[in-house]
Amino acid sequence: MTVTVSLLILALFMLIPLIMGVVANKKLLPTTEDFFVQGRAMGSVAVFFTVAATWWSAFAFLGSNGYFYALGPVYWTAIAWNILFGMLYFVIGKRVWFFGGKGNYITASDFFRDLYGSPALANLVAVVMLVFTLPYLQIQLTGGSYLIEVASHGIIPWKVGGLIFYAVIVIYVWVGGLRAVAWTDIFYGVLLFFGMIFAGFYLAAKIGGPAELFRQLRQTVPESLTLPGPRGTYGPMMWVSMFIVTPLGSFMGPQLWTRMYAVKSSKLFNLMPLLLSFAAIAYIGSMLVGNSGIILEPGYPVPDQILPTMLFKYAPLVLAALICAGGAAAAMSTANSQIHSMSAVWTVDIYQRYINKTADHKRVLIVGRLAILVFGVGAYFMSIFIPGFLVSIGLVATAGTAQIIVPTAGLLFWKRSTPAGAFVGLLAGVLLIALLTFVPAIKAPWGMHAGLFSLIVNLVVFVIVSLATPPRKKEVAEKFAALKAEYDENYA
Amino acid sequence: AKKSYPGRKLLFLLIFIGFLIMEYIYIFGLPFIYSFTLIMWAVMVVLMLIGYLTNWGKGKDFTGKE
C-alpha cells in the first residue's frame, strides 16, 4: 500500500510539470524571443522562483548533506554565498537586463559580441558555457534519478528513472519554452524549500532535537564541528574558495543569463538580494541532515545518498517519498533550465549565426527543440558513464562558467577593458582549470580551489593584456558609453 | 556628471564588511561556527532589507524612471 502511495506521489510529481507545459504552450508565440526569453515579460513571482530553483540544484539538496556528513562544516559557507548571489543579481544582473533589452540579446554571447565588438570572444563564451554546463547538467540527472529509484523502493532502477526524468523535462520544455520552465520552477521551488527544512528538523528530532544532536557530536566527533573537518581536507581556503566560485559560476551559467534577460521590471532586481538572502535559511535543513547522519548512520559509504537512506529508515514511507520528490525537484528545476539555455546557445550563437543565417523563426524553433533533445541525451549518457561526488563535479563545472565574470564585470565597470584582454584572460582561466582538474600532480597554491586560483590568473591576465592592447573600436565604445549614460540616468 | 549617492556607498561598504566578517574563520545549542554564521546571516538580511526599503541607498533623491 505505502509503495503504491509513493509511486503515486512520484507520478504526480512528473505529471504536474507536463500539465504546466501544455498550458504554457497555449500562451507560446511562434518567435525565438518568446521561446527563449519569454518575450522579456516574466513577472516577479515567476522570476524569484525560477532563479532560486534553478540556482539550487542537486548540488544543494543532496551534495550539501553529503558534505556536512563527511567533510565537516565547510558547506556552511553557502549561507554567505547565497547573499553574494543575490547581490550579483542586483549589481550585475540589472545592467545585463538593461543592455539585453536594448540590444534584443537572447544569449550571453550576444552581449559580448555587441558590446566588446568581438565575434571571437562571443564564440569562446558560447563554447565555455556549453562545455562546462554539461557536467553540471549531468549531476542533476544523477541526483534526480537516484532519488526516483529510492522513492520507488527500487521498482524504478536509476537508469530508467534518469530516462523518465529526462523525457519529462524534454517534453515540457519542448512544448512550453521558458514559460513552462518558470511555471514548473514555482512548483519545484516550494517543494524543495520546505522539503529541505522539514527533513533536517525531522531527522534531528529522532536524536532529541538540534541541541541534543550537537551535544552528542561534541562528545563523539568534535572534529566534524570545525574546519578543516574530520578528514582535515576542507579548511579556511576551501571555505573562501567555495564562497566565491560557487555563486559566480552559477550566476554566469547560461541559464542565469536567460533569467536576467527575461525579467519584465527593473524593480525586481532591487528586491532579489533580500529574497535570495532570506531563502538561504533552508540550508539549516541540510546542515541538520548531514550532522544527524553522523550520529544515526556512522560510516555510511556514499555520503551523497545519506538523506534518502535515513528517510526510508526513520520516516514514514509516504513522507520519505514526498521529501525525495523535493530533492528530485531541486535537480529537475536546474536541469530543465540548463537544457533550455544550452539549446538557446546552440541555436542562436551557432546555428543561426554560422550554419543557416537566413533561417526563419519556425526553422529556428525546430532546431532549438531538437537541441533540447540532444543535450538531454548527452547528459543522460554522461550520468551513466562518469560517476563522482556531486559537489566535486559541480565545483569544476561552476569554476568554468565563473571565469566569465571577469570579462562581464570588466566591460561594465572598466573603460579600458579590451576584447583581446577579455579573450586571453578567459582562455587562460579555463585552460588552467582543465590543467588543475585533469593533471593531479599540479595543484593550486595555498589550498585554494582550482576555480578561485584560475579566476585570479584570469583577472591578472585580463588587466595586463587590456592595458597592452588597443581599446575597443570607436563606434563600439561610443555605443556602449551612450547606453551606459542612459542606464546611469534612469536605473543606476 | 553621474550623480553620487553617499547612502549607497555606505550601504555597500557595510555589506562588504559583512562579507569580510563572514568569510575571513580563526565548538539554539548550535556550535560556534554555525551560530556565528547564522547571526551574521541575520545582520546581512537586515542590510538587504534596508537596501530594498531605501532604494539601495538612493532614497528620495533618485529621479530615474525605474
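Remember, predicted model here, so these are calculated numbers, not experimental data.

This brings us to the overall build of chain B. Of regular secondary structure, chain B possesses two helices and zero strands. Burial status across chain B gives 14% buried among its 66 residues.

Take the overall build of chain A next. When helices and strands are tallied, chain A shows 21 helices and zero strands. On C-alpha atoms alone, chain A measures out to a radius of gyration of 22 Å, which is about the 23 Å that the 2.2 N^0.38 rule sets for 492 residues. Along the first, second and third principal axes, the C-alpha set of chain A runs to 65 × 55 × 40 Å. A total of 492 residues make up chain A; the buried ones form 59% of that total. The contacts in chain A between residues at least 6 apart in sequence include a share of 83% that link residues at least 24 apart.

Taken together, the contacts link 26 residues of chain B with 34 residues of chain A. With ten residues, the single largest contributor to the side of chain B that touches chain A is helix 2 (residues 32–53) of chain B. Residues belonging to the side of chain B that touches chain A are distributed by class as follows: 17 nonpolar, five polar and four charged.

A word on the packing of helix 12 (residues 267–279) of chain A against helix 2 of chain B. Taken N-terminus to C-terminus, the directions of helix 12 of chain A and helix 2 of chain B make an angle of 160°; their axes are 8 Å apart at the nearest point. As the angle between them shows, helix 12 of chain A and helix 2 of chain B are arranged roughly antiparallel. Relative to helix 2 of chain B, the crossing made by helix 12 of chain A is left-handed. Residue-level contacts link Asn270, Leu271, Pro273, Leu274, Ser277 and Phe278 of chain A of helix 12 of chain A to Met44, Val45, Met48, Leu49, Gly51 and Tyr52 of chain B of helix 2 of chain B. In terms of residue class, the contact of helix 12 of chain A with helix 2 of chain B is made up of nine nonpolar, three polar and no charged.

A few words on unusual backbone geometry. Residues and elements named next belong to chain A. With an omega dihedral of 5°, the bond running from leucine 227 to proline 228 counts as a cis peptide bond. Mapped onto the secondary structure, proline 228 falls in the loop between helix 9 (210–220) and helix 10 (236–251). In this structure, glutamine 38 is a non-glycine residue whose phi angle is positive, near 50°. Among the secondary structure elements, glutamine 38 is positioned in the loop between helix 2 (32–37) and helix 3 (44–55). At asparagine 104, a position not held by glycine, the phi torsion is positive, near 55°. Structurally, the position occupied by asparagine 104 is in the loop between helix 5 (78–103) and helix 6 (108–115). Using a count of 13 C-beta atoms within 10 Å as the deciding quantity, one classes asparagine 104 as partly exposed.

Residues and elements named next belong to chain A. The topology assignment puts lysine 94 in helix 5. With 22 C-beta atoms packed within 10 Å, lysine 94 lands in the buried category. The sequence separation of lysine 94 and tyrosine 487 amounts to 393 residues, and the corresponding C-alpha distance is 9.6 Å. For lysine 94, the residues in contact, after removing those within four places along its chain, are Ser266, Phe269 and Tyr491.

Looking now at the environment of valine 175 of chain A. All names here are of chain A. When you line up the elements, valine 175 lands in helix 8 (residues 158–205). Taking the C-beta count within 10 Å as the criterion, valine 175 has 18 such neighbours and is therefore assigned partly exposed. Separated by 100 residues in sequence, valine 175 and tyrosine 75 place their C-alpha atoms 37 Å apart. Once you skip the residues sitting within four places of it in the chain, valine 175 turns out to touch Gly21, Val22, Asn25 and Ala180.

This brings us to the confidence of the model for chain A. Averaged over every residue, the pLDDT of chain A is 86; the share at 70 or more is 97%. Put simply, helix 17 (residues 390–402) of chain A is where chain A has its lowest mean pLDDT, 77, and helix 18 (residues 405–413) of chain A is where it has its highest, 95.

Residues and elements named next belong to chain A. Of all the bends in helix 5, the greatest measures close to 40° and is centred on glycine 93. Among the 26 residues in helix 5, 22 count as buried, and that is most of the element. In the stretch just after helix 5, asparagine 104 is the one whose phi turns positive, near 55°.

Let us now look at helix 10 of chain A. Over its 16 residues, helix 10 of chain A extends 23 Å from the first C-alpha to the last, a length consistent with the 22 Å expected when each residue adds 1.5 Å. With 13 of its 16 residues buried, helix 10 of chain A lies for the most part within the structure.

All names here are of chain A. Relative to the elements of secondary structure, proline 119 occurs in helix 7 (residues 119–151). The class of proline 119 is partly exposed, set by 14 C-beta atoms lying within 10 Å. Sequence separation of proline 119 and leucine 317 is 198 residues, and the distance between their C-alpha atoms is 55 Å.

Residues and elements named next belong to chain A. Membership of the largest hydrophobic core comes to 182 residues, with the highest contact counts inside it found for Val74, Val125, Leu192, Cys324, Ala325 and Ala328. Per-element accounting of this core gives the leading share, 20 residues, to helix 8. Leave out the neighbours within four places in its chain, and valine 125 touches Ala108, Ser109, Phe112 and Ile404.

Reading the values: the criteria
- Residues numbered from 1 in each chain as written.
- Chains lettered and ligands numbered in written order.
- Predicted model: local features only at pLDDT ≥ 70, side-chain atom pairs only at ≥ 80, totals over all residues.
- Helix = DSSP H or I, 4+ residues; strand = E, 2+ residues; numbered from the N terminus.
- Buried ≥ 20, exposed ≤ 12 C-beta atoms within 10 Å, placed from the backbone.
- Rg over C-alpha atoms; globule rule 2.2 N^0.38 Å.
- Contact = placed C-beta atoms within 7 Å.
- Nonpolar A, V, L, I, M, F, W, Y, C, P; charged D, E, K, R; others polar.
- Axes fitted to C-alpha atoms, helices over the stretch in contact; angles between N-to-C directions.
- Parallel < 35°, antiparallel > 145°, perpendicular 65-115°, else oblique.
- Left-handed = near helix turned anticlockwise from the far one by under 90°.
- pLDDT = per-residue confidence, 0-100.
- Bend = angle between axes of the 7 residues up to and from the residue.
- Expected span 1.5 Å × (residues − 1).
- Core = buried A, V, L, I, M, F, W, Y, C linked by C-beta atoms within 7 Å.

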